[in-house]
Structures are given as structure tokens and as C-alpha cells.
Amino acid sequence: MAVSLKSYGTCSLGANSFNRRNGRWVSPQASVVPNFHLPMRSLEIKNSTSSDSIKALKLITALKTPYLPDGRFDLEAYDALMNMQIRNGAEAVIVGGTTGEGHLMSWDEHIMLIGHTVNCFGGSIKVIGNTGSNSTREAIHASEQGFAIGMHAALHINPYYGKTSLEGLVAHLEAVLSMGPSIIYNVPSRTGQDIPPSVIQQLAQHANMAGVKECMGNKRVKEYTDQDIVVWSGNDDECHDSRWGFGATGVISVTSNLIPGLMHELMFGGPNTKLNSKLMPLIDWLFREPNPIGINTALAQLGVVRPVFRLPYVPLSLARREEFVNIVKEIGREHFIGNKDVQVLDDDDFILVGRY
């Protein structure tokens, strides 16, 4: 049976595109459809999840990104770090956050690492991609890509450096919330601008608003929890009191890169001031210089990542490196990830990479 196919050129104008009677050209319909590039709908998302499933997470690790000597990602070491997090009770990871040095990645690297994490570990742990930006266009595009490859939620920071008004802040965050479940990250020490409660209260009405990673202290945490807004402490030194005294759901932690089991106990085991006090020297050591300098140095000395730093980060001083060894012995090597003896690395052991 013969089938007749009507041929259409790729640039066909359609029957009504040219009016022969008056010679007027009419735009093809496709070019005048409003909002042609729409955000993806939930059914198109590989690991479609609800903001409610994110709101329940108590221990989220802001995961370190390890490097090879030439500065590329060391995915073998990265996978080992992920497995140690899963075995020790972390419920989610932030991929490419401040600790993971997302700001030192190209977007190609960033999205690749999110996709790798989802494909290898997304069935065992929630994957939260840091797809925030000070450019709304970039934040939307990166989030669309991240959700397309299966991340469960996004982490969004407020626009830094080129700060905007409060109205612009709301507009920026509402635009990215439309992409999928999201955690808003408030860290004025890095952005130069606080996200005030008035903004968070507006955003809390959005279905995709999972909660806030808050670094402004427990008074702010309490203000939100009194209004049933989910909060994670962004400060490891305050997270015990945030969780058990001020109503925080949990913590987004740097320290859990090193001692995920103890941080799990701190978030799940009830108030434990003795354990909290025991961990304070380690937490204080980690944050004497801007994060992730401390965590990078610590993981290298534990032998779980290569001692490679992407500039502008450089390792802590020899005196600080010696101090870390003593802290590990005080807490107990068995509580830290990896199985090598902790060691004091020499200056010459570290590789600093400026071009990668």
C-alpha cells in the first residue's frame, strides 16, 4: 500500500504565513508562542522528589572535592569519600558547595560531578547540587541541568558581589525555586548581604522551598522554627544547640567530612553536651582559616585524598598541621574516616595548582 507523505521544509512558513492578496507576511505560529522555553515539569525529572523529603534530613555533608596532581577531579577518591559518608549515616550531600569548591569549577565540571554522584549514589543518599549563582540566568540554567540529570534538590545562595535590592532578591530566589526543591543558603560573611526573615517568610509559601541553611546564629534559627520554617544550622560549632535547643532540623556540616559517625550521633542521639564539647577543638581548628582550607588539609593528612590544592587555597601552616594530629589522637583515630595513620605532611608534599 503506497503512503503519500507531504513534504515540509525546515523553514516552511505554513499556509497562512504569506497573504498573496495583500503581500503581507505573517509570522509563523511557533515564533509567537509565549514562554516557549518553559522550566521542566516534575515528570521530566529523573529523581523527582518532593520538598517534604528534603525537609526531613538531619545530617547533610557539604562534601569535599578531591583532585589529581594535575588539578582534575579524583573520582576514585571522591567515590571513596561518598561511600564513607553513606556507611556512617549521612543522609545527603551537597555537591560543589563552598566546601566542595564549586566556585573553582567550570559549569561543565560542576554538572558532571552532580551527574556522577547521582548515577553512582543517588539510590542510597540524597544528592543536593549547589547550582546557585549571582546571575539568575546561570542559576536557572544550572538548576535545570542538575534536575535533568537527577539531583534531588538544589542549594541556592543569594546574589553576591553584585548585590541587589530586597525586591530583586525575592525575584531571583522565586525564579530558581520554580525549578525544583531547593534549600536557600544564607551566609552574609561570604555574600556581603543578609537574607532577612521578611524575604524567607515570602519564599516559604513556595511549594519547592525546602528550608534555609542559616549561618546567622541560633536566635535567627529560633525565629524561623517558631514559624514552622525548616532550618539547618550552617555553623558546626552551633549545630548541637541549634538542633536540640532551638528547633533546627539538623546541620549542613563540614566537620562530617571527617567524623560522619560522631556527627550522626550528635544529630540523632539526643542532647549530648559531652560529645559536643569533645568535638569543639576540632571544629575550632577547621575554621580558623576560611573554609575549605582546614578540611582540605585535614583530609590530606588522613591519607584519604591527595594533598592537591586548587589555588587560591593553600594548606594550613606546619604548626597547624601538627596540631591536627594531636586533635585526632585526642578524639580517637577510629572515629575519623580512612584507615591510614594520621601524619604531619611537609610543605613539599603539597601540590598547588593554578591552571587545570
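Residues numbered from 1 in each chain as written. Predicted model: local features only at pLDDT ≥ 70, side-chain atom pairs only at ≥ 80, totals over all residues. Heavy atoms only, no water.

Draft legend 1. Local environment of the overall build of the chain. Regarding its fold elements, the chain presents 13 helices and twelve strands. Looking at the 356 residues of the chain, the share that counts as buried comes to 51%. Surface accessibility of the chain: about 17000 Å² in total, with carbon and sulfur atoms responsible for 50%. (Helix = DSSP H or I, 4+ residues; strand = E, 2+ residues; numbered from the N terminus. Buried < 20%, exposed > 50% of the residue type's maximum accessible area, 1.4 Å probe, protein only. Areas by Shrake-Rupley, 256 points an atom, 1.4 Å probe, with all protein chains shown as cover.)

Draft legend 2. Spatial organisation of the pairing of strand 10 (residues 250–253). In this structure, strand 3 (residues 59–62) lies alongside strand 10, joined through three bridges in parallel fashion. Bridged to I60 within strand 10 is I252. The β-α-β motif built from strand 9 (residues 231–233), the intervening helix 9 (residues 239–245) and the parallel element strand 10 has right-handed crossover chirality. (Pairing = 2+ DSSP bridges. Right-handed = clockwise from strand over helix to strand, strands pointing away.)

Draft legend 3. Summary view of a nonpolar patch on the surface. A cluster of nonpolar residues, L311, V314 and L352, forms a patch on the protein surface that exposes about 220 Å² of accessible area. Along the chain, L311 turns up in the loop between strand 11 (308–310) and helix 13 (318–331). Judged by its relative accessible area of 35%, L311 falls in the partly exposed class. (Patch = residues over 30% accessible without salt bridge, like charges linked within 9 Å, V, L, I, M, F, W, Y side chains within 5 Å. Salt bridge = Lys/Arg side-chain N within 4 Å of Asp/Glu carboxyl O.)

Draft legend 4. Up close: the confidence of the model for the chain. Looking at the chain, pLDDT values average 91 and 87% of them are 70 or higher. Below a pLDDT of 50 lies the segment residues 1–19, which in the model reaches eleven contacts outside its immediate sequence neighbourhood of four places, other chains included. Low pLDDT, under 50, characterises residues 30–45; the stretch is placed with twelve contacts to residues that sit more than four places away or in other chains. (pLDDT = per-residue confidence, 0-100. Contact = heavy atoms within 4.5 Å.)

Draft legend 5. Expanded view of the pattern of salt bridges. All chains considered together, the criterion is met by ten salt bridges. One continuous salt-bridge network, built from bridges that share partners, spans D194, E214 and R220.

Draft legend 6. Structural view of the packing of helix 10 (residues 260–268) against helix 11 (residues 273–286). In contact at an axis separation of 10 Å, helix 10 and helix 11 are set at 140° when each is read in the N-to-C sense. Regarding the angle of helix 10 to helix 11, the classification is oblique. Both helix 10 and helix 11 take part in a crossing whose hand is left-handed. For the pair helix 10 and helix 11, the contacting residues are L262, M263, E265 and L266 in the first and L275, N276 and L279 in the second. For the contact of helix 10 with helix 11, the per-class residue count stands at five nonpolar, one polar and one charged. (Axes fitted to C-alpha atoms, helices over the stretch in contact; angles between N-to-C directions. Parallel < 35°, antiparallel > 145°, perpendicular 65-115°, else oblique. Left-handed = near helix turned anticlockwise from the far one by under 90°. Nonpolar A, V, L, I, M, F, W, Y, C, P; charged D, E, K, R; others polar.)

Draft legend 7. Spotlight on the packing of aromatic side chains. On inspection of all chains with the given rule, the structure shows four aromatic pairs. One aromatic cluster in this structure is built from W285, F324 and F336. Of note, K213 hangs over the ring of Y185, and the distance from its end group to the ring centre comes to 4.0 Å. (Phe/Tyr/Trp six-rings, centres within 6.5 Å; stacked < 30°, edge-to-face > 60°. Lys NZ or Arg CZ within 6 Å of the ring centre and 35° of its normal.)

Draft legend 8. View of the environment of S178. On the secondary structure map, S178 appears in the loop between helix 5 (166–177) and strand 7 (182–186). For the pair S178 and S143, spaced 35 residues apart in sequence, the C-alpha separation works out to 9.8 Å. Within the structure, S178 has its side chain in polar contact with the backbone oxygen of A175 (distance 2.6 Å). (Polar contact = N/O pair within 3.5 Å; in protein donor to acceptor, adjacent residues only side chain to side chain.)

Draft legend 9. Just the environment of A300, in detail. Among the secondary structure elements, A300 is positioned in helix 12 (residues 293–301). Each residue touching A300, except ones within four places of it in the same chain, is listed here: V305, R306, P307, L345 and F350.

Draft legend 10. The arrangement of the nonpolar core in detail. Counting 63 residues, the largest nonpolar core has L258, L279, L282, F324 and F336 as the members making the most contacts within it. By residue number, the principal contributor to this core is helix 11, which donates six residues. (Core = buried A, V, L, I, M, F, W, Y, C linked by side-chain atoms within 4.5 Å.)

Draft legend 11. Geometry of helix 4 (residues 136–148). Given a rise of 1.5 Å per residue, 13 residues ought to cover 18 Å, and the 18 Å separating the end C-alpha atoms of helix 4 matches this to within 8%. Buried within helix 4 we find A139, A142, S143, G146 and F147. The buried residues of helix 4 occupy an angular sector of 130° when projected down its axis, which confines them to one face. At its buried positions, helix 4 is contacted by helix 3 (107–121), strand 6 (153–157) and helix 5. Looking one or two residues beyond helix 4, the residue adopting positive phi is G150, at roughly 110°. (Expected span 1.5 Å × (residues − 1). Arc of directions from axis to C-beta.)

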